[in-house]
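Notes for the structure review
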Amino acid sequence: MVESGELPTIADDLVVTKYKMSAEIVNKVLKELVDACKASGSVRDLCILGDKRLAEETGKAFKKDKKLTKGIAFPTCVSVNNCICHFSPLTTEPDVILADGDMVKIDMGAHIDGFIAVVAHTVVVGATVENPVTGGKADALMAAHLASEAALRLVKPGNETYEVTETVSKVGEAFGCKPVEGMLSHQLEQNRIRRRKTIIQNPSEAQRKEHDKFEFALHEVYAVDVLISSGDGQGREKDAKITVYKKTEDTYMLKMKTSREFYSKVSKQFGTMPFNLRSMEEEKKARMGVVECVTHKLIEPFQVLFDKEGAYVAQYKFTVLLMPNGPHKITGLPFDEATCKSEKSIEDAEIQKLLKTSANPKAAKKKKKAAEKAVTEETGAAPTLVAGQ
């Protein structure tokens, strides 16, 4: 059992089950959004649809337990081409309309009882076997896919975080691409989307000095996030407004009534989970209230970042449980290699060998029947596992 003061871990079968339930939801909603990525489609509509579906699906779980929290753990973001991350416009902000050939990154998360599953996937609008992705776009896409597959095989107990960092850089290099500088993958814990242990990709000299090395340990959970660019891999803010925020652990006596009301609503509605200002009842009031909260670090922003114009950024993010019988990848959709034709490939023998190893965990020996049964009764279906592609 969990000691008081300690957070529950995946050593407990019921916790594993809750993670898998969250994962099933994000995988299902992600698939719906990938299918909805069509030319002339609205990015804002996709974001709104994603959040609506995440709320609906999480709402179906553990209906009898009124105390159990569940819902969106990361609001749907749809970032196109050289936009790196966190784009999810308000109804009062300019929209982006998709076109054939656009590289679209869909990023989202859900939680059941604070156990978070996040996912991100990249799709190129209109790409088919007859009309595959080519050139720099294909290089970024293939590099991101293979770097995330390599990372999956390295995130295991006893390995160090910088092994992932170096391998992701080498894969990017093989395709003439750059991992986006300073992007972090985070350890996940109950109700906490950003924990102490992180994996950095493509750190600058200054970041390398500041960023600690960590060792992966059994029963930890990670959101492994790989972002690769055909450009220079430098994220910069442009004119897109920040819309995604999360509450911090800091305290401060807010001066303005609007800010106090906003902060109180955030605490009640979202707790420690990231949220979009669009989800607040009054968007205009929320836009005013958030300012003082951010100034005094009660709320932290998720910046909308861009690489240079003309660059293409691809992203794959998955949630992985470090189980005794190997890492379990629980989120992510299959990568369709038939629609992506890069002229480049990985020459590094060590990375080739790593990618040939199986990412599927050995069959679990421990009985998980009680936990599985609990979930079957709740949902009518046992949770399934996403095997490494």
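First, a word on what this report is: a plain description of the structure on this page. (Residues numbered from 1 in each chain as written. Predicted model: local features only at pLDDT ≥ 70, side-chain atom pairs only at ≥ 80, totals over all residues. Heavy atoms only, no water.)

1. Notes on the overall build of the chain
For the chain, the helix and strand inventory stands at nine helices and 15 strands. For the chain, the C-alpha radius of gyration of 20 Å lies close to 21 Å, the compact-globule estimate for 389 residues. Dimensions of the chain, computed from C-alpha atoms along their principal axes, come out at roughly 60 × 50 × 45 Å. Taking all 389 residues of the chain together, the buried fraction comes to 54%. Residue pairs in contact within the chain that sit at least 24 positions apart in sequence constitute 79% of those at least 6 positions apart. On the chain, roughly 17900 Å² of surface is accessible, and the fraction owed to carbon and sulfur atoms is 52%. With 57 positive and 55 negative side-chain charges, the chain shows a separation of 4 Å between the mean positions of the two kinds. (Helix = DSSP H or I, 4+ residues; strand = E, 2+ residues; numbered from the N terminus. Rg over C-alpha atoms; globule rule 2.2 N^0.38 Å. Buried < 20%, exposed > 50% of the residue type's maximum accessible area, 1.4 Å probe, protein only. Contact = heavy atoms within 4.5 Å. Areas by Shrake-Rupley, 256 points an atom, 1.4 Å probe, with all protein chains shown as cover. Lys, Arg positive; Asp, Glu negative; His and termini not counted. Charge placed at Lys NZ, Arg CZ, Asp CG, Glu CD.)

2. Here's the deal with the packing of aromatic side chains
Counted under the stated rule, the structure contains seven aromatic pairs. Both rings, one in tyrosine 316 and one in phenylalanine 335, keep their centres 5.9 Å apart while their planes meet at 80°; by these two values the pair is edge-to-face. Here the residue tyrosine 316 occupies a position in strand β14 (residues 313-323), and phenylalanine 335 occupies one in the loop between β15 (326-329) and α8 (349-356), the gap between them amounting to 19 residues. Both residues of the pair, tyrosine 316 and phenylalanine 335, count as buried. (Phe/Tyr/Trp six-rings, centres within 6.5 Å; stacked < 30°, edge-to-face > 60°.)

3. Concerning the pattern of salt bridges
A complete count under the given rule lists 21 salt bridges for this structure. The salt bridge partner of glutamate 56 is lysine 52, with a shortest N-O separation of 3.2 Å. Here glutamate 56 pairs with lysine 52, and both are found in helix α2 (residues 43-59), just four residues apart, close to one helical turn. Glutamate 261 is the partner of lysine 257 in a salt bridge, and the nearest nitrogen-oxygen pair spans 3.1 Å. Residue lysine 257 and its partner glutamate 261 are located together in helix α6 (residues 257-269), separated by four residues, close to a single helical turn. For glutamate 261, a relative accessible area of 31% translates into the label partly exposed. (Salt bridge = Lys/Arg side-chain N within 4 Å of Asp/Glu carboxyl O.)

4. A look at the side chain of threonine 248
Here threonine 248 is to be found in the loop between β10 (244-247) and α6. Residue class for threonine 248 comes out buried when judged on its relative accessible area of 15%. Those residues in contact with threonine 248 that lie beyond four places of it in its chain are Lys297, Leu298, Ile299 and Glu300.

5. Structural notes on the sheet that holds β10
Ordered in space as β11-β10-β12, the three strands form an open sheet in which the pairing is antiparallel. Two strands lie at the open edges of the sheet, namely β11 (275-276) and β12 (299-301), each paired on one side alone. Both β10 and β12 contribute to a ladder of three bridges, which runs antiparallel. Residue pairing in the sheet places lysine 247 in a bridge with isoleucine 299 of β12. (Pairing = 2+ DSSP bridges.)

6. Examining the sheet that holds strand β2 (residues 83-85)
Remark on secondary structure: sheet strands pair via backbone hydrogen bonds, oriented parallel or antiparallel. Ordered by their spatial adjacency, three strands build an open sheet running β2-β13-β9, and the pairing between neighbours is antiparallel. Edge strands, defined here as strands with exactly one partner in the open sheet, are β2 and β9 (236-237). As paired strands, β2 and strand β13 (residues 305-306) are joined by two bridges and run antiparallel to one another. Looking at β13, one finds that cysteine 83 is bridged to phenylalanine 306.

7. With respect to the side chain of glutamine 187
With respect to the helices and strands, the residue glutamine 187 is situated in strand β6 (residues 183-188). On the basis of relative accessibility, which here comes to 8%, the residue glutamine 187 falls in the buried class.

8. Quick notes on the nonpolar core
Core analysis: the largest hydrophobic core is formed by 54 residues, its most contacted members being Ile10, Tyr19, Leu98, Val104, Ile106, Met108 and Leu321. Secondary structure elements with two or more residues in this core: α1 (13-36), α2, β1 (70-80), β3 (103-112), β4 (115-124), β8 (221-229) and β14. No other element matches the 11 residues that α1 contributes to this core. With sequence-adjacent residues up to four places away left out, valine 104 is seen in contact with Cys37, Val78, Ser79, Val80, Leu98, His121, Thr122, Val123 and Val125. With 38 residues, the next largest nonpolar core counts Val124, Ala147, Val164 and Ala314 among its residues. (Core = buried A, V, L, I, M, F, W, Y, C linked by side-chain atoms within 4.5 Å.)

9. Let's talk about the packing of helix α3 (residues 135-154) against helix α4 (residues 161-174)
Any two packed helices are characterised by how steeply their axes cross, that is the angle between the axes, and by the distance between the axes. Running from N to C, α3 and α4 point in directions that differ by 155°, and their axes come no closer than 9 Å. Between α3 and α4, the interaxial angle falls into the category roughly antiparallel. The way α3 lies across α4 gives a crossing that is right-handed. Packed against α3, whose contacting residues are Ala143, Leu146, Ala147, Ala150, Ala151 and Leu154, the element α4 presents Glu163, Val164, Thr167, Val168, Val171 and Gly172 at the interface. (Axes fitted to C-alpha atoms, helices over the stretch in contact; angles between N-to-C directions. Parallel < 35°, antiparallel > 145°, perpendicular 65-115°, else oblique. Left-handed = near helix turned anticlockwise from the far one by under 90°.)

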